[in-house]
Amino acid sequence: MGASNGHLPRTSAALREEIERTRADLATSVSALRVEVAEVTDWRQWVRKHPYTCVGTAFLVGYLVGSRR
């Protein structure tokens, strides 16, 4: 079955090694994603990077909420 599609059949040791490599890659990717999500969702970081935009947005939201009756 494996030889008919051009690939050599894998040994169980090779499969286990590939699974472990994949798990390690996945763990690294998940860790990097967690860090990135934490940075993107941290409002303090947004204010540090874009203080005028944040103040302007806060003013606009306050105006819109305050002008409703």
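Residues numbered from 1 in each chain as written. Predicted model: local features only at pLDDT ≥ 70, side-chain atom pairs only at ≥ 80, totals over all residues. Heavy atoms only, no water.

## Here we look at the overall build of the protein
Part 1 of the reasoning: Counting its secondary structure elements, the protein contains three helices and zero strands.
Part 2 of the reasoning: Accessible surface computed for the protein: about 6,700 Å², of which carbon and sulfur atoms make up 63%. (Helix = DSSP H or I, 4+ residues; strand = E, 2+ residues; numbered from the N terminus. Areas by Shrake-Rupley, 256 points an atom, 1.4 Å probe, with all protein chains shown as cover.)

## What to know about the pattern of salt bridges
Oppositely charged side chains may form a pair once their charged atoms are brought near each other.
Part 1 of the reasoning: Across all of its chains, the model carries four salt bridges by this definition.
Part 2 of the reasoning: Here glutamate 18 and arginine 10 are joined by a salt bridge, their closest N and O atoms 2.5 Å apart.
Part 3 of the reasoning: Looking at glutamate 18, the relative accessible area reads 30%, which means it is partly exposed.
Part 4 of the reasoning: Between aspartate 42 and arginine 44 there is a salt bridge whose closest N-O contact spans 3.7 Å. (Salt bridge = Lys/Arg side-chain N within 4 Å of Asp/Glu carboxyl O. Buried < 20%, exposed > 50% of the residue type's maximum accessible area, 1.4 Å probe, protein only.)

## A word on a nonpolar patch on the surface
Part 1 of the reasoning: A contiguous nonpolar surface patch, about 480 Å² in accessible area, is contributed by Phe59, Leu60, Tyr63 and Leu64.
Part 2 of the reasoning: You can see leucine 60 is positioned in helix H3 (residues 51-67). (Patch = residues over 30% accessible without salt bridge, like charges linked within 9 Å, V, L, I, M, F, W, Y side chains within 5 Å.)

## Let's talk about the confidence of the model for the protein
Part 1 of the reasoning: In this model, the protein carries a mean pLDDT of 88, and residues with pLDDT of at least 70 account for 87%.
Part 2 of the reasoning: Here helix H2 (residues 43-49) stands out as the least confident element of the protein, with mean pLDDT 90; H3 is the most confident, with 95. (pLDDT = per-residue confidence, 0-100.)

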